[in-house]
Amino acid sequence: DFNSFVARTNTCGELCSAHVGQEVTLYGWIQYQRQGLFLVLRDFQGLTQIIIPQDEAHSHVKQLLSNAPVESVVRVTGIVTARPPGQENPKMPTGNIEVKAETAEIINSCKKLPFEIKDFIKKSEALRMQYRYLDLRSFQLQYNLRLRSQIVMRMREYLCNLHGFVDVETPTLFKRTPGGAKEFVVPSREAGKFYSLPQSPQQFKQLLMVGGLDRYFQVARCYRDEGSRPDRQPEFTQIDIEMSFVDQAGIQRLIEGLLQYSWPEERGSITTPFPSVTYEQALADYGTDKPDTRFGMKIVDISDFLRRSDIPFVQNVLSYPRGTVKAICIPEGMRYLKNKDFESLKESAKSQFNQEIMEIICRPDGCLKSLLTKFLGEEQQSQLIRALKMQVDDVVLLAAGEHKQVCSALGSVRLESADLLEAAGLVLRDPTTFHFLWVVDFPLFLPKEENPAELESAHHPFTAPHPSDTSLLYSDPTRVRSQHYDLVLNGNEVGGGSIRIHSAEQQRFVLEKVLKEDSEVLSHLLEALEFGAPPHGGIALGLDRLISLIVDAPSIRDVIAFPKSFRGRDLMANAPDYVTPEELEPYHIQVSWPLAQRGKEK
């Protein structure tokens, strides 16, 4: 009941022919006013047309409503009437009626707006964020935030009411966690000592399992001191889950059921179980560990085929242990793409991955056009066409080199090609379809970029090794697969989790011997694991990213009420801001650069 506890009788989105003849009181914002004849009143639920009285008896009401600025907050009391024949508006839920105003009150007048409150009006993102409270009045943001609320409520029902999960709030002030993203630090009144804002409740949820809670969940606020991107914010929200006595398949079934239960009806239905692919297969077929499976253009390995050729650079590449030749086929590339597009794709692969790309074109006569064709006979060319399933006007982009580099380059080119094809009018990725995918069997450790001789956790140091690879942990950790799993939706990672290490001995070995970390920082967790820790595992769903994909928003900022800018700033309140030396004194902190730089910073 939207009208309980408040002064209105109805919302602006609910009146219909059944209300004709009733006296109603509406509250809302003036969306539009025309020549003192009528106005459109808006609230969170919709729009209602208000007829401004023209008779002398109501002259004060006419003057009030005719002169009120757009976006002023008003109260209108009047009689619901049917619109005259031919004046109905089928595009409005309230389009069959209008309200003849009897009395009105301007509750709060609106000053000149920085932009119009209409979804089709273009506004810079900086301006929208500066006046976020005005931007929130738009239909799209209202819809996004209300849908987000409904989905979270359904998730709570599924987890708590149907499956016995306990909603637990974990601390925001904690201590530094080794590895992972950079954390925000918070000063304390103890000299030299700082809290950290947790990048996730990872340790707490494991400790809750040690505490025997069995099933935990939380709509958790998380923090990472990283630059913003369209799908990243320094503060974000995740649906955080942990269970005892569970395996990977159990977590996957839980999440599939959770998403199916909470999925909005207007977005169609989703089919479970979700398909699954290994990390190695995802890399080989799509060049990424978060593949968009809404369209084809898979990477094809043609190493064995070209091994029989006399192409010098191919033979050189294939002489190395991880050498490979792979290709993707761009459908109707010659029809939809221009030469500058192919040059752009090749330049992108070169600049990002140091990978050369060669093109092969299938001409109208069925023959191939490429620098390679002089090395291939007619039969070999026919075999290549069949292997890559080429048709007239298709363009193949070929890369030769080290396996992972080639796959990554072609995976990036695959996505860029899809963008170019769609910009030219060929629809490849239907925004109304949702392709979920589990990616499993990730490596447990990866070489550090800055020092490849050292290892770091591929995800975090609490992930358990794959049961089949446990012995390798102690002999060759680079070959160990993990019990980590990612959930991917339309080429975006929307969740990630793992079965955890529940043995203190194994956890200490990973930290000290493999990762060369100081285990003292995690002494509390290591000790907890020695007091009868149950096997446990969990997952976290990125709520902001998930909702943005469901509503097809270009950025997660469109599904967060008060987001930060690309630089991590709150443009509305101008945060972060300066504090005085006197305010810093209790925290034993001094700013090292002179205050004269304040002006420059601003």
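Residues numbered from 1 in each chain as written. Predicted model: local features only at pLDDT ≥ 70, side-chain atom pairs only at ≥ 80, totals over all residues. Heavy atoms only, no water.

Trainee: Is there a simple way to explain the packing of helix H11 (residues 339-353) against helix H13 (residues 403-423) in this structure?
Mentor: The packing of two helices is summarised by the inter-axis angle and the distance between the axes. Remark: H11 packs on H13, axes separated minimally by 10 Å, with the N-to-C direction vectors making an angle of 145°. Crossing geometry of H11 relative to H13 is assigned as right-handed. Contact residues: Asp341, Leu345, Ser348, Ala349, Gln352 and Phe353 in H11; Gln405, Ser408, Ala409, Ser412, Val413, Glu416, Ser417 and Leu420 in H13. Its residues placed into classes, the contact of H11 with H13 shows 6 nonpolar, 6 polar and 2 charged. (Axes fitted to C-alpha atoms, helices over the stretch in contact; angles between N-to-C directions. Helix = DSSP H or I, 4+ residues; strand = E, 2+ residues; numbered from the N terminus. Left-handed = near helix turned anticlockwise from the far one by under 90°. Contact = heavy atoms within 4.5 Å. Nonpolar A, V, L, I, M, F, W, Y, C, P; charged D, E, K, R; others polar.)

Trainee: Help me understand the pairing of strand E22 (residues 536-542) in this model?
Mentor: Working note: regular strand, side chains alternate between the two faces of the sheet. Most of E22 sits inside the fold, with 6 of its 7 residues counted as buried. Direction of pairing for strand E10 (residues 235-244) relative to E22: antiparallel, over a ladder of 7 bridges. Bridging from a neighbouring strand, Ile241 pairs with Ile539 of E22. For strand E21 (residues 492-499) and E22, the ladder comprises 5 bridges, and the chain directions are antiparallel. From the neighbouring strand, Ile499 faces E22, where its bridge partner is Gly537. (Buried < 20%, exposed > 50% of the residue type's maximum accessible area, 1.4 Å probe, protein only. Pairing = 2+ DSSP bridges.)

Trainee: Any chance you could explain the state of the cysteines here in plain terms?
Mentor: The bond known as a disulfide is covalent and runs between the sulfur atoms of two cysteines. Taken as a whole and judged by the stated rule, the model has 0 disulfides. Left without a disulfide partner, Cys12 is nearest to the cysteine sulfur of Cys16, which lies 14 Å away. For Cys367, which is in no disulfide, the shortest distance to another cysteine sulfur is to Cys362 and amounts to 8.3 Å. Residue Cys367 is classed as partly exposed on the basis of its relative accessible area of 34%. (Disulfide = S-S within 2.5 Å.)

Trainee: I would appreciate a short explanation of empty space enclosed by the protein in the present structure.
Mentor: Where empty space is left in the structure can be found by rolling a water-sized probe over the atoms. Going through the model one piece at a time under the given rule, you end up with 2 cavities of 30 Å³ or more. If you add up the space inside the largest cavity, you get close to 50 Å³. (1 Å grid on protein atoms, 1.4 Å probe; cavity = no way out; pocket = protein on both sides within 12 Å on 5 of 7 lines; lining within 4 Å. Points joined across faces, edges and corners; volume = space filled by probe spheres on them.)

Trainee: What should I look at first to understand a nonpolar patch on the surface in this one?
Mentor: Taken together, the side chains of Tyr133, Phe562 and Met572 present a nonpolar region at the surface, about 300 Å² in accessible area. Positionally, Phe562 belongs in the loop between helix H17 (543-550) and helix H18 (581-584). What makes Phe562 partly exposed here is its relative accessible area of 45%. (Patch = residues over 30% accessible without salt bridge, like charges linked within 9 Å, V, L, I, M, F, W, Y side chains within 5 Å. Areas by Shrake-Rupley, 256 points an atom, 1.4 Å probe, with all protein chains shown as cover. Salt bridge = Lys/Arg side-chain N within 4 Å of Asp/Glu carboxyl O.)

Trainee: I'm lost on the sheet that holds strand E11 (residues 276-278) in this one. Help?
Mentor: Across a sheet, strands are paired by hydrogen bonds formed along the backbone, either parallel or antiparallel in direction. Spatially, E6-E9-E10-E22-E21-E20-E17-E11 is the arrangement adopted by the 8 strands of the open sheet, whose pairing is mixed. Each edge of the open sheet is held by one strand with a lone partner, namely strand E6 (166-167) and E11. Relative to strand E9 (residues 215-223), E6 runs parallel, the two being bridged by 2 bridges. Residue pairing across strands places Val166 opposite Tyr216, the latter belonging to E9. Sheet strands in contact with helix H4 (residues 139-163) are E6, E9, E10 and E22, and its direction is about 150° off that of E9.

Trainee: What exactly am I supposed to notice about the sheet that holds strand E12 (residues 300-301) here?
Mentor: In spatial order, the strands read E12-E13-E16-E14-E15; together these 5 strands make up an open sheet with antiparallel pairing. Of all the strands in the sheet, just E12 and strand E15 (368-369) have a single pairing partner and so form its edges. By the bridge criterion, 4 bridges tie strand E14 (residues 358-362) to strand E16 (residues 395-402) in an arrangement that is antiparallel. By the bridge assignment, Met358 is partnered in E16 with Leu398.

Trainee: When you look at unusual backbone geometry in this model, what are you seeing that I'm missing?
Mentor: Working note: non-glycine residues mostly have negative phi, and peptide bonds are mostly trans. Of note, the bond from Thr272 into Pro273 is cis; its omega dihedral lies within 30 degrees of zero at -5°. Note that Pro273 resides in the loop between helix H6 (248-262) and E11. For the bond from Ala575 to Pro576, the omega torsion is 5°, close enough to zero to count as cis. Within the secondary structure layout, Pro576 lies in the loop between H17 and H18. Not every positive phi belongs to a glycine, and Phe5 is a case in point at roughly 70°. The topology assignment puts Phe5 in the segment before strand E1 (23-34). The residue His588 is not glycine, and still its phi comes out positive at about 60°.

Trainee: Is there a simple way to think about the packing of aromatic side chains in this case?
Mentor: In this description, an aromatic ring pair is defined by two values, namely the gap between the centres and the angle between the planes. Under the definition given, this model contains 12 aromatic pairs. Centre to centre, the rings of Phe139 and Tyr143 are 6.2 Å apart; their planes meet at 25°, and the pair counts as stacked. Linking Phe139 with Tyr143, this pair stays in helix H4, spanning 4 residues, or about one helical turn. Judged by relative accessible area, Phe139 falls into the exposed class, the value being 57%. Residue classification places Tyr143 among the partly exposed residues on the basis of a relative accessible area of 23%. A centroid spacing of 6.3 Å and a plane angle of 80° characterise the contact between Trp438 and Tyr485, whose relative ring orientation is edge-to-face. Remark: Tyr485 occurs in strand E20 (residues 484-489) and Trp438 occurs in strand E17 (residues 436-440); sequence separation between them is 47 residues. When sorted by exposure, Trp438 lands in the same class as Tyr485, which is buried. Members of the aromatic cluster, each reached through a chain of ring pairs, are Trp263, Phe274, Phe434 and Phe436. (Phe/Tyr/Trp six-rings, centres within 6.5 Å; stacked < 30°, edge-to-face > 60°.)

Trainee: Would you explain helix H15 (residues 504-514) in this entry?
Mentor: Residues spaced three or four apart along an α-helix face the same direction, because each turn holds 3.6 residues. Listed as buried for H15 are Ala504, Gln506, Gln507, Val510, Leu511 and Val514. Packed against the buried residues of H15 are strand E18 (445-447), strand E19 (455-457), helix H14 (472-475) and helix H16 (523-529). Phi turns positive, to about 55°, at Lys516, one or two residues after H15.

Trainee: So what exactly am I meant to see when it comes to the pattern of salt bridges here?
Mentor: Proximity of charged atoms lets side chains of opposite charge pair with each other. Taken as a whole, this structure holds 35 salt bridges when the rule is applied. In this structure, the salt-bridge partner of Glu343 is Lys346, at a minimum N-O distance of 3.5 Å. Here Glu343 pairs with Lys346, and both are found in helix H11, just 3 residues apart, close to one helical turn. Of the charged contacts in the structure, one is a salt bridge between Glu454 and Lys448, with a shortest N-O distance of 3.3 Å. Linked through salt bridges whose partners overlap, the residues forming this network are Arg128, Arg132, Asp135 and Asp558.

Trainee: I keep staring at the pairing of strand E5 (residues 97-108) and nothing clicks. Help me out?
Mentor: In the sheet, strand E3 (residues 46-51) pairs with E5 via 2 bridges, with the strands oriented parallel. Counterpart to Ile51 in the pairing with E5 is Lys100. Here 10 bridges tie strand E4 (residues 73-82) to E5, and the two strands are oriented antiparallel to one another. Bridging from a neighbouring strand, Val76 pairs with Ala104 of E5.

Trainee: Before we go on, may I ask you to explain a negative patch on the surface in this structure?
Mentor: Taken together, Glu23, Asp55, Glu56 and Glu102 make up a surface patch of like negative charges. Relative to the helices and strands, Glu56 is located in the loop between E3 and helix H1 (59-67). (Lys, Arg positive; Asp, Glu negative; His and termini not counted. Charge placed at Lys NZ, Arg CZ, Asp CG, Glu CD.)

Trainee: Looking at this structure, I do not really get the environment of Leu64. What am I missing?
Mentor: Here Leu64 is to be found in helix H1. A C-alpha to C-alpha distance of 75 Å links Leu64 and Gln506, two positions 442 residues apart in sequence.

All quantities given are derived from atomic positions and should not be read as evidence of function.
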